[in-house]
Amino acid sequence: MTTSSINFDGIVTKVTDGDTLDVMTGEGDTITIRLALIDAPERNEPGFNEAKSFLTEQCLDKTARVDPDNNQGLTYGRTVGVVYCEGVNVNEAILDNNLADIYQNFCDISEFADANWAQEHGCSNNRSDDSDDNDEKEDPVESGSSINDNRVDISDTSKDLDCKDFDEKNIPVGDDDPHNLDADGDGIGCEG
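Residues numbered from 1 in each chain as written. Predicted model: local features only at pLDDT ≥ 70, side-chain atom pairs only at ≥ 80, totals over all residues. Heavy atoms only, no water.

**Examining the overall build of the protein chain**
And step 1. Secondary structure assignment for the protein chain yields 4 helices and 13 strands.
And step 2. Looking at the protein chain as a whole, 44% of its 192 residues qualify as buried.
And step 3. Here the protein chain displays about 10000 Å² of accessible surface, and carbon together with sulfur accounts for 41% of that area. (Helix = DSSP H or I, 4+ residues; strand = E, 2+ residues; numbered from the N terminus. Buried < 20%, exposed > 50% of the residue type's maximum accessible area, 1.4 Å probe, protein only. Areas by Shrake-Rupley, 256 points an atom, 1.4 Å probe, with all protein chains shown as cover.)

Put into structure tokens, the structure is as follows:
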């Protein structure tokens, strides 16, 4: 697999929100991490500032160990994984402090879905693909977030959007990239 499957250490240099942060490795590489199985409040949603502040307090300018999710690897320029800031599993801690929810849509994918903390917060080993269950699940992009003909308005900063929220790849983002979709800074987000 890619090098993104290997655990690594670094210093947290940026906290974007309650589930995304940047880690600078000892080699000087900055790697953006999306916390595995964590669904923190989006911009302008209740709890956004609290979740971001919590992650900032736990991690910013501190030593972090990243355990990438081997079932997801590098996703849209970001490594999905569990982050330990000075020994504290921040994926678990943000859930324990009721500042985020378990990201149910990835319980069937993530290698961490069977971890005690994930099970305690809502992942289960017996999720059903029954249509009744699927009808009740919310779409990751809620209906109030400017979806038109399967398109999402990237200028909408009321939610912190991720590449998985779009049906398309290679989205022009220009100079203003409020959702950090453009990992390599070339003006095109969610390259695939």
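**Here's the deal with the packing of aromatic side chains**
And step 1. Within this structure, the stated rule accounts for 1 aromatic pair.
And step 2. A centroid spacing of 5.0 Å and a plane angle of 90 degrees characterise the contact between Y103 and F106, whose relative ring orientation is edge-to-face. (Phe/Tyr/Trp six-rings, centres within 6.5 Å; stacked < 30°, edge-to-face > 60°.)

**Details of the confidence of the model for the protein chain**
And step 1. Averaged over every residue, the pLDDT of the protein chain is 78; residues scoring 70 or more account for 63%.
And step 2. By mean pLDDT, strand 10 (residues 147-148) is the weakest element of the protein chain at 30, and strand 8 (residues 88-89) is the strongest at 98.
And step 3. Throughout residues 126-151 the model reports pLDDT below 50, and contacts reaching past four residues in sequence, or to other chains, amount to 29 contacts. (pLDDT = per-residue confidence, 0-100. Contact = heavy atoms within 4.5 Å.)

**Regarding the pattern of salt bridges**
And step 1. Scanning the model with the defined rule gives 2 salt bridges in all.
And step 2. D9 is the partner of R65 in a salt bridge, and the nearest nitrogen-oxygen pair spans 2.7 Å. In this pair, R65 sits in strand 5 (residues 63-68) while D9 sits in strand 1 (residues 8-17), placing the two residues 56 residues apart along the sequence.
And step 3. Looking at R65, the relative accessible area reads 36%, which means it is partly exposed.
And step 4. A residue is classified by how much of its surface remains accessible, and D9, at 41% relative accessible area, is partly exposed.
And step 5. The shortest N-O distance in the salt bridge between D19 and R34 comes to 3.1 Å. With a gap of 15 residues between them, D19 in the loop between strand 1 and strand 2 (20-25) and R34 in strand 3 (residues 30-35) connect regions that are remote in the sequence. Taken individually, D19 and R34 each receive the classification buried, so the pair is uniform in this respect. (Salt bridge = Lys/Arg side-chain N within 4 Å of Asp/Glu carboxyl O.)

**Observations regarding the state of the cysteines**
And step 1. Scanning the model with the defined rule gives 2 disulfides in all.
And step 2. Between the sulfur of C107 and that of C123 lies a disulfide, 2.0 Å long from S to S. The sign of the S-S torsion, about -75 degrees, decides the handedness of the disulfide formed by C107 and C123: left-handed. Of this pair, C107 sits in the loop between strand 9 (101-102) and helix 3 (116-120) while C123 is found in the loop between helix 3 and helix 4 (131-136), placing the two residues 16 residues apart along the sequence. (Disulfide = S-S within 2.5 Å.)

**Remarks on the environment of N98**
And step 1. Inspection of the secondary structure puts N98 in the loop between helix 2 (90-96) and strand 9.
And step 2. Owing to a relative accessible area of 68%, N98 belongs among the exposed residues under this scheme.
And step 3. Between the C-alpha atoms of N98 and H121, which are 23 residues apart in sequence, the distance is 9.9 Å.

**Description of the pairing of strand 3**
And step 1. Sheet topology note: the strand 2/strand 3 ladder contains 5 bridges and is antiparallel. In the strand pairing of strand 3, T20 is matched with R34.
And step 2. Adjacent in sequence and paired antiparallel, strand 2 and strand 3 are bridged by 4 residues, among which G28 carries a positive phi angle near 90 degrees.
And step 3. Pairing geometry for strand 3 and strand 7 (residues 78-85), over 3 bridges, is parallel. Each residue of the ladder has a partner; that of L35, found in strand 7, is G81. (Pairing = 2+ DSSP bridges.)

**Describing the nonpolar core**
And step 1. The biggest cluster of nonpolar side chains holds 36 residues, and the ones touching the most others in it are V12, L21, V23, L37, V83, I102 and W117.
And step 2. Broken down by secondary-structure element, the contributors of at least two residues to this core are strand 1, strand 2, strand 3, helix 1 (48-59), strand 5, strand 7, helix 2 and helix 3. (Core = buried A, V, L, I, M, F, W, Y, C linked by side-chain atoms within 4.5 Å.)

**Some thoughts on the environment of E120**
And step 1. Counting through the fold element by element, E120 comes out in helix 3.
And step 2. Each C-alpha atom of the pair E120 and D96 lies 9.5 Å from the other, and the pair is 24 residues apart in sequence.

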